[in-house]
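Read off the chains here:
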Amino acid sequence: MGPYTITYFGVRGRCGAMRIMMADQGQEWKEILMDFADWMKGDLKASCVFGQLPKFEDGGLVLYQSNAILRHLGRNHDAYGKDGKEAALIDMMCDGVEDLRLKYGKMIYQEYDTGKDPYIKDLPNHLDKFEAVMAKNKTGFLVGDKPSFADYSLFEVLLNHLVLCSSCLDTSPSLKSFVEKMSARPKIKAFLGSDAYKKLPINGNGKQ
Ligand code: GDS
């Protein structure tokens, strides 16, 4: 396993969750930060399976697609449930988080000026689904009794939403407690307080 290398632009973006996950798992990784002007030259893009970053290297294994990378980390770090049933539920939750991430990305990148307020107004209708799962499981995690890659993905998306709207979890007590507890995990706390994390904007267009 490893060494791990992430190649990505200088943003949190699609690498936020995997970085938090690796930090919490005590896993070191190397970062290659890609300058957008260099990216536009096209050579790296042409070599990427889907023409996009992030690129993730685990020794000789090269992966693209941020959720495939999270799943790989889940397998490598025992964060993919205790059996096949839990793994299926974790996949389901990860896909649910992805749907929210896509809605957020569309608002941020395509319609921030006109779409931000309606997005925030509609947000409880999306967050309440995660709130219900979290409240039902009662362990402080989406599935099982320890963090899976889906928890890291949800945690990172919620952090971004708290920047968008600091009161967005006020009616979601289980999610609020989840964010507080994840933020207080010593390795996550150290990572979120690090320059490496703080210096990166959430999104590539400066909107948040
Ligand atoms: N599904 C992939 C994943 O999960 O890894 C998405 C990867 C992705 O979108 N990578 C972006 C990229 O490499 C950086 S994230 N862009 C360079 C390129 O395409 O040449 N993505 C949809 C998503 O996240 O689902 C986006 O909206 C990204 N926007 C967010 S930055 C366009 C432009 O200049 O406007 N050519 C590129 C905008 C763009 O990539």
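Predicted, not measured: the structure shown is a model, and the values here were computed from it.

**Some points on the UniProt feature "domain: GST C-terminal" (unreviewed entry) in the chain**
The sites that UniProt annotates as "domain: GST C-terminal" (unreviewed entry) are residues 83-202. As annotated, residues 83-202 comprises 77% helix and 0% strand, and the C-alpha atoms at either end are separated by 34 Å.

**Here's the deal with unusual backbone geometry**
Cis rather than trans, the peptide bond between leucine 53 and proline 54 has omega equal to 15°. As for its position among the elements, proline 54 is in the loop between helix H3 (43-47) and strand S3 (55-58). Residue aspartate 78 is not a glycine yet carries a positive backbone phi of 55°. Structurally, aspartate 78 can be placed in the loop between helix H4 (66-76) and helix H5 (84-110).

**Details of the side chain of glutamate 156**
With respect to the secondary-structure elements, glutamate 156 resides in helix H7 (residues 149-164). Judged by its relative accessible area of 2%, glutamate 156 is buried. Not counting residues within four places of it along the chain, the set of residues in contact with glutamate 156 comprises Gly13, Gly16, Ala17, Ile20 and Arg101.

**Thoughts on the UniProt feature "domain: GST N-terminal" (unreviewed entry) in the chain**
The residues that UniProt annotates with the feature "domain: GST N-terminal" (unreviewed entry) are residues 2-81. Across residues 2-81, the secondary structure splits into 38% helix and 25% strand, with the terminal C-alpha atoms separated by 21 Å.

**A closer look at the pattern of salt bridges**
Applying the stated rule across the entire model yields 12 salt bridges. Aspartate 24 is paired through a salt bridge with arginine 185; the nearest N and O atoms lie 3.0 Å apart. With aspartate 24 in helix H1 (residues 16-24) and arginine 185 in the loop between helix H8 (173-184) and helix H9 (186-192), the pair connects residues that are 161 residues apart, well separated along the chain. Take arginine 185: its relative accessible area is 27%, and that puts it in the partly exposed class. Where lysine 129 meets aspartate 128, a salt bridge forms, and the shortest distance between an N and an O atom there is 3.2 Å. Salt bridges sharing common partners tie together Arg71, Asp91 and Asp95.

Basis of the calculations
Residues numbered from 1 in each chain as written. Predicted model: local features only at pLDDT ≥ 70, side-chain atom pairs only at ≥ 80, totals over all residues. Heavy atoms only, no water. UniProt positions renumbered as here; feature names shortened; annotations may be inferred. Helix = DSSP H or I, 4+ residues; strand = E, 2+ residues; numbered from the N terminus. Buried < 20%, exposed > 50% of the residue type's maximum accessible area, 1.4 Å probe, protein only. Contact = heavy atoms within 4.5 Å. Salt bridge = Lys/Arg side-chain N within 4 Å of Asp/Glu carboxyl O.

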